[in-house]
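Structure assessment
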Amino acid sequence: FTDSMGAGKPVDIQERHRLQTQTTCPEQSDPVPVSKVAAISQYACQRRTTLNNKNKIFTDALEILAENCEFNENERSYVVFARATSVLKSLPYAISSMTMLEGLPNMEVQPRAIIEEILEDGKSSTVESLLCDERYKATKLFTSIFGVGLKTADRWYRLGFRTLEEVQAAKDLKFTKMQKAGLMYCEDISSFVNKAEAHAVGQIIEKFVHKCVPNATVTLTGGFRRGKEIGHDVDFLITCPEEGKEEGILHKVHSLPQGLLLYYDIIESTMEKNKIPSKQYDVMDKFQKCFMILKLNNTLVQNTEPERQIESKDWKAIRVDLVIVPIQQYAYALLGWSGSRHFERDLRRFSYHEKRMNLDNHVLYDKTKKVFLTAKTEEEIFAHLGLEYIEPWERNA
Ligand code: DCT
Ligand code: MG
């Protein structure tokens, strides 16, 4: 089925559903086999996925299973669960029977079984037992700490740790500077950032950046650009119309108002100046970045929730990422940092398999023509790929 889909133009989903539920084809008298009906694309970048998810009951369950596959480094199963989840998120209707899955792409045996269980019992026993699984619980908890990846989480688990209190009380554990900060502010950081807080952080960052370079621009990206109400961090791209002027900004972060910077780590750019653009295709980008934790004063946040106003602490620790981008690569960086992760993964997969092009956060390389395709806007990148433009709020795949 997926082969016949290729890069084919996706048909309007509601139209497709109408066709699918229709028993006979308008031109023929024979019933239409569902699999012959023009389909939803297998690629997230050819679907519009807003935050209005009609299949949350299924996608919440499938996302937990996908996450567990990531924890176990089972890439194949991760992809199976993640792709099925993403298709369900894009549907303008709720799935209410197994027959409604017919003709949908990426619905393999494993996700189907989960959906069937949920349709029958309202929940999945596989997911329920996973949520009680010691290893899953500990890995989820430990990797939620800033600076803790899978390797560290696994080591702590194998050492017998199950809670953060146990980790924090451990005498012989060594922590990186990042992990120390992550543990120190874990309560605030795991409570998520809301839109008002993201906006307040944006104002602080903008003021700081403009003091360094008056005509530099600061753009909110990540989940907040896709319209999300909450996020685990706030992501900003910083660029400047005059190439090169943006380079010194991050090294002035220590000049942020006294006490604001709880933690920062600058990652230097790994771009080799004489080799830009690079033909090498890389998942991680090469921009100069700063991962930080800011101390956001409650008074700077509009409409602070009432429970926060009566708290003894008048500030909250917020995770912020700053990315420094040269202007020529700005459109690619913006597209890459706007996410979602699954949308990005499918954009790259589509480029590679359907267009023989390599897309990353810096450039698009056409392997057939052996040229780099420049772009000033995200719209131009979609056009280079022969894709309909998808707005940021439709990229919640
Ligand atoms: N990204 C990237 N390269 C990285 C890290 C992230 O291209 N080295 C992309 C993927 C999504 C986007 O940037 C933002 O990343 P996150 O903050 O992890 O995701 P998010 O969608 O903003 O989710 P959240 O709302 O939880 O922050
Ligand atoms: Mg984010």
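Residues numbered from 1 in each chain as written. Chains lettered and ligands numbered in written order. Predicted model: local features only at pLDDT ≥ 70, side-chain atom pairs only at ≥ 80, totals over all residues. Heavy atoms only, no water.

1. With respect to the coordination of the magnesium ion (ligand 2)
Ideal geometry at a metal centre: 109.5 degrees between donors when four sit tetrahedrally, and 90 or 180 degrees when six sit octahedrally. Put simply, the test is: Any N, O or S atom lying within 2.8 Å of the metal counts as a donor, with the limit raised to 3.2 Å for Na, K and Ca; because water is left out of the atom set, some sites can appear incomplete. We call a residue buried when its accessible area falls under 20% of the maximum for its residue type, exposed when it is over 50%, and partly exposed in between, using a 1.4 Å probe and counting protein chains only.
Around the magnesium ion (ligand 2), the protein contributes the donor atoms Asp233 (OD) and Asp235 (OD), which lie 2.1 to 2.2 Å from the metal centre. Relative accessible area serves as the criterion here: at 8%, Asp235 is assigned to the buried category.

2. Considerations on the environment of Phe58
Inclusion rule: Think of it this way: any DSSP run of H or I at least four residues long counts as a helix, any run of E at least two long counts as a strand, and we number them from the N terminus.
You can see Phe58 is positioned in helix 3 (residues 56-71). Judged by its relative accessible area of 4%, Phe58 is buried. Each C-alpha atom, one on Phe58 and one on Asp285, is 33 Å from the other, the two residues being 227 residues apart in sequence.

3. Here we look at helix 4 (residues 75-90)
Each α-helix winds once per 3.6 residues, and so residues spaced three or four apart point in a common direction. The line we're drawing: To estimate the expected span of a helix, count its residues, drop one, and scale the result by 1.5 Å.
End to end, helix 4 covers 23 Å across 16 residues, agreeing with the expected 22 Å (1.5 Å per residue, within 8%). Most of helix 4 is tucked away, with 13 of its 16 residues classed as buried.

4. Regarding the sheet that holds strand 9 (residues 364-366)
So the rule is basically this: Think of it this way: DSSP has to see at least two bridges between two strands before they count as a pair. Note on geometry: axes are C-alpha line fits, over the in-contact stretch for helices, and angles between N-to-C directions span 0 to 180 degrees.
Here we have three strands laid out as an open sheet, ordered 8-9-10, and antiparallel in their pairing. Of all the strands in the sheet, the pair left with one neighbour each is strand 8 (357-359) and strand 10 (371-373). With direction set aside, neighbouring strand axes in the sheet form an average angle of 25°. Bridge analysis of strand 9 against strand 10 gives three bridges, and the strand direction is antiparallel. By the bridge assignment for strand 10, Asp366 is matched with Val371.

5. Focus on the nonpolar core
To be explicit about the condition: Here, nonpolar core means buried Ala, Val, Leu, Ile, Met, Phe, Trp, Tyr and Cys residues that are tied together by side-chain atoms lying within 4.5 Å of each other. We call two residues in contact when some of their heavy atoms are within 4.5 Å.
Membership of the largest hydrophobic core comes to 32 residues, with the highest contact counts inside it found for Ile205, Ile249 and Leu322. Of all the secondary-structure elements, those providing two or more residues to this core are helix 12 (195-212), strand 4 (234-239), strand 6 (288-297) and strand 7 (315-324). The element contributing the most residues to this core is helix 12, with eight residues. For Leu322, the residues in contact, after removing those within four places along its chain, are Ile205, Phe236, Ile238, Leu250, Gln288, Lys289, Cys290 and Met292. Among the nonpolar cores identified, the runner-up in size contains 29 residues, and Leu62, Met100, Ile118 and Leu130 belong to it.

6. Some remarks on the packing of aromatic side chains
This is how the line gets drawn: Two aromatic rings, drawn from Phe, Tyr or Trp (for Trp, its six-membered ring), form a pair once their centres lie within 6.5 Å of each other, and the interplanar angle then sorts them: stacked below 30 degrees, edge-to-face above 60, tilted otherwise. Placement of a charge over a ring requires the Lys NZ or Arg CZ to be within 6 Å of the ring centre, with the centre-to-atom vector within 35 degrees of the ring normal.
All chains considered together, the criterion is met by eight aromatic pairs. Ring geometry for Tyr365 versus Phe372: centroids 4.8 Å apart, planes at 50°, classification tilted. Every member of this aromatic cluster is reached through a ring pair, and the members are Phe142, Trp156 and Phe175. The aromatic ring of Trp315 is capped on one face by Lys313, whose charged end is 4.4 Å from the ring centroid.

7. Digging into the site of ligand 1
This is how it is decided: If a single non-hydrogen atom of a residue is within 4 Å of a molecule or strand, that residue counts as near it. Side-chain atoms alone can form a polar contact between residues adjacent in sequence; in general such a contact is a pair of N or O atoms within 3.5 Å, and within protein one must be able to donate a hydrogen while the other accepts it. To measure how exposed things are, a 1.4 Å probe is used in the Shrake-Rupley method; for residues, cover is taken only from the protein chains shown. Here the nonpolar group is Ala, Val, Leu, Ile, Met, Phe, Trp, Tyr, Cys and Pro; Asp, Glu, Lys and Arg are the charged ones; every other residue, Gly included, is treated as polar.
Every one of the 15 residues lining ligand 1 counts as a neighbour, but Gly223, Lys228, His232, Asp233 and Arg341 are closest to it. Asp235 is positioned such that a nitrogen or oxygen atom in its side chain is 3.0 Å from an oxygen atom of ligand 1. Contact between ligand 1 and Asn361: an oxygen atom at 2.9 Å from a side-chain N or O atom of the residue. Look at ligand 1: alone it shows 560 Å² of surface, and the protein chains cover 84% of it. Residues that form the shell around ligand 1 fall into these classes: three nonpolar, seven polar and five charged.

8. Concerning the sheet that holds strand 6
The strand order across the open sheet formed by five strands is 2-4-7-6-5, and the pairing between neighbours is mixed. A strand with exactly one partner marks an edge of an open sheet, and here the two such strands are strand 2 (217-220) and strand 5 (261-267). This sheet shows a mean twist of 25° between the axes of neighbouring strands, independent of strand direction. Here six bridges tie strand 5 to strand 6, and the two strands are oriented antiparallel to one another. Among the inter-strand pairings, Asp265 is bridged to a residue of strand 6, identified as Phe291. Sitting on the sheet, helix 10 (residues 177-184) touches strand 5 and strand 6, and the angle it makes with strand 5 is about 150°.

9. A short note on the packing of helix 3 against helix 4
Spelled out, the test is: Any angle from 65 to 115 degrees is called roughly perpendicular, while one under 35 is roughly parallel, one over 145 is roughly antiparallel, and all others are oblique. By convention, the crossing between two helices is left-handed when the near helix turns anticlockwise from the far helix through less than a right angle, and right-handed when the turn is clockwise.
One can describe the packing of helix 3 onto helix 4 by two numbers: an axis separation of 8 Å at closest approach and a directional angle of 160°. On the basis of the axis angle, helix 3 is roughly antiparallel to helix 4. Our pair here, helix 3 against helix 4, has a crossing hand that is left-handed. For the pair helix 3 and helix 4, the contacting residues are Phe58, Thr59, Leu62, Glu63, Leu65, Ala66, Cys69 and Glu70 in the first and Ser77, Tyr78, Phe81, Ala82, Thr85, Leu88 and Lys89 in the second. In terms of residue class, the contact of helix 3 with helix 4 is built from nine nonpolar, three polar and three charged.

10. Quick notes on the confidence of the model for the chain
Heads up, the condition is: For every residue, the pLDDT score states the predictor's confidence, bounded by 0 at the bottom and 100 at the top.
With 86% of its residues at a pLDDT of at least 70, the chain reaches an overall mean of 89. In this model residues 1-11 is a low-confidence stretch, pLDDT under 50, and it forms 24 contacts with partners more than four residues away in sequence or in other chains. The complex prediction reports pTM at 0.89, with the ipTM value standing at 0.96.

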